[in-house]
Amino acid sequence: MSNTNVQIFDTTLRDGEQVPGCKLNTDQKIIIAEQLDLLGVDIIEAGFPVSSPGDFSSVEAVSKIVKNATVCGLTRSVENDIKVAAQALKYAKNPRIHTGIGTSDSHIKFKFRSNRDAIIERAVAAVRYAKTHVEDVEFYAEDAGRTDNEYLARVCEAVIKAGATVLNIPDTTGYCLPHEYGAKIKYLKENVKGIEKAILSCHCHNDLGLATANSIEGAINGARQIECTINGIGERAGNTALEEVVMIMKQHPYLNLDTNIHTSMLYGLSQLVSEHMGIYAQPNKAIVGANAFAHSSGIHQDGVIKNRETYEIIDPKDVGVTESAIVLTARSGRAALAYRAKNVGYELTKLQLDVVYKDFLNYADAKKEVNDNDIHSIIESSSIFKELH
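A brief look at the structure comes next. Small disclaimer: the values here were computed from a predicted structure and weren't measured.

Our focus in this paragraph is the overall build of the protein chain. A count of helical and extended segments in the protein chain gives 15 helices and 10 strands. Overall, the C-alpha framework of the protein chain stretches about 85 × 40 × 40 Å when taken along its three principal axes. Relative to its 389 residues, the protein chain shows a buried fraction of 53%. Expressed as a percentage of contacts within the protein chain between residues at least 6 apart in sequence, the contacts between residues at least 24 apart total 73%. Charged side chains of the protein chain number 41 positive and 50 negative; the gap between the two group centres comes to 3 Å.

Right, here's the structure in full:
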């Protein structure tokens, strides 16, 4: 793997599916997994095999159809979890077991009623056992965001010795600030013996709206895998949005970070996931929202019509959107009206446009948005209609 390449670990089918009411059946998971594979993600986390017979079947089915990506199954640091995951992954060309345990003092004391040394012993035992089933073993230190860095480094060093190939450093509660999370990754890069044998991974949650920023800061500081979901769906406020981190790296080449993602598929896959899960991205969602490339302000519309880059830093086609949308409202100017009128067959002179524009404003004040049919009605009822025919 190139030192600039950041692997994209997609967990839409596992962490993303933990949204209440968004359960996917096996057929739906297969459809989405096939598209994720074509998208170019490096790892597909297909589910938590021990959690239910349905999840086991889904992981097994996904393992059979994925041609390029690594297929991953989640487990706890429990032997039976790991054994069941290995069985579900037996058909995968590139299987990975993702095992781990909570490492923050809160998890150790209240969740496990244990101590730091015992947690390290459990982590090492889980990785060693997983290693008897597959070569590729990822370890997650749950709640790493609130884990003391010195202890976290001890955990990481121990599981690398046990055979872990990837170290997942989750900001499980979405609590970290970007500079704090970046500093944590940097600390591990500089203080974990044997760190060159493993890939550091970012798994950030969006409780404070910082998942994307934290993941990028992690990559800047040496992480070479980002765990994310389509549309940023997931537990509570969601996960890092795949489309956001991918496009940030693409639009900022000076970061010297790249991915294997075919970005022109992003919008279509966003729509596919929304349809199957029944949850649609909010209109102002970055990259894939309905308004991401829509302009309604007259000043913005005039600028975009003259030169798209005036108000757009991304070419819509780069993410699979056909074109920018000029949305007509009462705040739209003459340039936008002329542009939309031309699209539906009316070439207006400046004088004709002045007349139609007055009628348009009266119409627009009564409606939230003026559509193509409305444009026909406005022009056909105007005094200049005969001049156009």
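Enumeration over the complete set of coordinates arrives at 27 salt bridges. For Asp15, the salt bridge identified is with Arg14, shortest N-O distance 3.7 Å. Considered together, Asp15 and Arg14 belong to a single accessibility category, that of buried residues. In this structure, Glu244 and Lys285 form a salt bridge, with 2.6 Å as the shortest nitrogen-oxygen distance. Of the two residues, Glu244 is situated in helix α9 (residues 242-251) and Lys285 in the loop between α10 (266-277) and β9 (294-295); the sequence distance between them amounts to 41 residues. The class for Glu244 is buried, based on a relative accessible area of 18%. Judged by relative accessible area, which is 6%, Lys285 ranks as buried. Sharing partners across several salt bridges, the network here consists of Glu17, Lys23, Lys29 and Asp55.

With that settled, consider the nonpolar core. In terms of nonpolar packing, the biggest core is built from 88 residues, with Leu39, Val41, Phe139, Leu167, Ile169 and Leu242 touching the most fellow members. Looking at this core element by element, the count peaks at nine residues for helix α6 (residues 149-162). Those residues in contact with Leu167 that sit more than four places away from it in its chain are Phe139, Cys156, Val159, Ile160, Ile195, Ala198, Ile199, Leu200 and Ser201. Counting residues in each nonpolar core, the second largest holds 18 residues, with Ala336, Leu348, Val356 and Ile379 among its members.

Analysis parameters
Residues numbered from 1 in each chain as written. Predicted model: local features only at pLDDT ≥ 70, side-chain atom pairs only at ≥ 80, totals over all residues. Heavy atoms only, no water. Helix = DSSP H or I, 4+ residues; strand = E, 2+ residues; numbered from the N terminus. Buried < 20%, exposed > 50% of the residue type's maximum accessible area, 1.4 Å probe, protein only. Contact = heavy atoms within 4.5 Å. Lys, Arg positive; Asp, Glu negative; His and termini not counted. Charge placed at Lys NZ, Arg CZ, Asp CG, Glu CD. Salt bridge = Lys/Arg side-chain N within 4 Å of Asp/Glu carboxyl O. Core = buried A, V, L, I, M, F, W, Y, C linked by side-chain atoms within 4.5 Å.

These values are about where atoms sit, not about what they do.
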